[in-house]
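Overview (structure and organization)
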Amino acid sequence: MARILTGIQSTGTPHLGNIIGAILPAIENSKDKNNDSFLFIADLHSLTQIKDATVLKNNTYSVAAAWLAFGLDPNESVFYRQSDVPECTELAWYLNCFFPFQRLKLAHSFKDKSDRLEDINAGLFVYPMLMAADILLYDANLVPVGKDQLQHLEMARDVASRINHKYKNVFIVPEPLTTKDSMLIPGTDGDKMSKSKNNTIDIFQGNADIKKIVNKQIVTDNIPLEDPKDPYISTVYKLYSVIADEDSAAQMAKKLQAGGYGWGHAKKELISIIETKFDNPREKFNYYISHKEELDIILESGAAKARKVAKATLDRVRNQIGY
Ligand code: ADP
Ligand code: TRP
């Protein structure tokens, strides 16, 4: 049985791109009986950016509510909040002491911002070692990551190998499980949907807001209504086709290609499918957001399971390094 582990940064309510690109595939993975799945909310990593206690707390709740709303079963996966497992920060310290400063200097999390050194905290500098601790603490075999996280995973493998080389086999060296590029969801401007680009669609908001975003923000060309249009270069169609079933998507493509069907019509269908397809998850999301005490119970029970594994690993590490 392979242990698959993924961390989700809690930087806000997940958008449509996060849901289709990360949440749904991870939930699918977690249902595979050959996998033993660990999923956690990386709220200690978020502290490198977020210093508002209420925002920090609420982001965790939004992320947890979104995963549960889309069907994550906390009995099938170990689902927890990183900050509920203090063993993680202890292990991160040990890893810091075994990893060269010169290698950490090359990490994207730090390097991308290193032109503004005055804005960088030491936590951001050691970010990859906290991530390595998240993984090594649970003897994970596989870590699903996007391309942007591959370098961090390589550092986790590196520090594990350094420690394994010095002592007897302490850690399992994890392998990356890269996600497909084909699932990149476009934002309202046609570019990759991303929080940092202000082009996201939040499917958990009310229908009136979704309608406004689709109608006012999704860019279209100005080909007249009666003329044929190319669906495959249009953001409206691309979004529709990742949400709708194959037949409905093929029908919309045909209508656009035939002419006499405008972007207004296509947007109306897109709004309608967002409303109906996500109606149930939205209801569940809202339920959890107004019952945060239930989220706490679920996450705390996940943390209790996680800590059992974490304590065993940490004992092993402490013994070997001389504590
Ligand atoms: P953002 O770009 O909004 O900050 P994150 O980097 O926090 O999103 O991404 C969280 C997860 O969601 C990652 O696994 C990432 O691969 C996935 N993801 C983010 N945006 C998209 C997108 N537009 N299409 C597909 N997957 C995405
Ligand atoms: N750094 C990851 C990201 O930004 C989140 C993360 C933290 C993670 N710890 C992890 C991912 C461990 C996988 C495994 O997406």
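Read on for an overview of the structure. Computed from a prediction, not measured in an experiment: that's the story for all the values here. (Residues numbered from 1 in each chain as written. Chains lettered and ligands numbered in written order. Predicted model: local features only at pLDDT ≥ 70, side-chain atom pairs only at ≥ 80, totals over all residues. Heavy atoms only, no water.)

A word on the site of ligand 2. The local shell around ligand 2 consists of L5, G7, Q9, F40, A42, H45, Y127, M131, D134, I135, V143 and Q149. Within the side chain of Y127, a nitrogen or oxygen atom sits 2.8 Å from a nitrogen atom of ligand 2. Between ligand 2 and the protein, one listed contact pairs a nitrogen atom with a side-chain N or O atom of D134 at 2.7 Å. Coverage of ligand 2 by the protein amounts to 88% of the 370 Å² it exposes when considered alone. Mapped onto the shell around ligand 2, the elements with two or more residues apiece are β1 (2–9), β2 (35–42) and α8 (127–136). Sorting elements by how many residues they give to the shell around ligand 2 places α8 first, with 4 residues. Counted by class, the shell around ligand 2 contains 7 nonpolar, 4 polar and 1 charged residues. (Near = heavy atom within 4 Å. Polar contact = N/O pair within 3.5 Å; in protein donor to acceptor, adjacent residues only side chain to side chain. Areas by Shrake-Rupley, 256 points an atom, 1.4 Å probe, with all protein chains shown as cover. Helix = DSSP H or I, 4+ residues; strand = E, 2+ residues; numbered from the N terminus. Nonpolar A, V, L, I, M, F, W, Y, C, P; charged D, E, K, R; others polar.)

Attention now goes to the site of ligand 1. Neighbouring ligand 1 are 12 residues, the closest being H15, I185, M193, S194 and K195. Here H15 contributes a side-chain N or O atom positioned 2.7 Å from an oxygen atom of ligand 1. Take G17: an N or O atom from its main chain is 3.3 Å from a nitrogen atom of ligand 1.

Here we take up the pattern of salt bridges. Counting across every chain of the model gives 14 salt bridges. Ionic pairing is found between D296 and R81, a salt bridge with its closest N-O pair at 3.2 Å. With D296 in helix α15 (residues 292–321) and R81 in strand β3 (residues 77–81), this pair connects stretches of sequence that are 215 residues apart. One network of salt bridges, in which partners are shared, links R81, D84 and D296. (Salt bridge = Lys/Arg side-chain N within 4 Å of Asp/Glu carboxyl O.)

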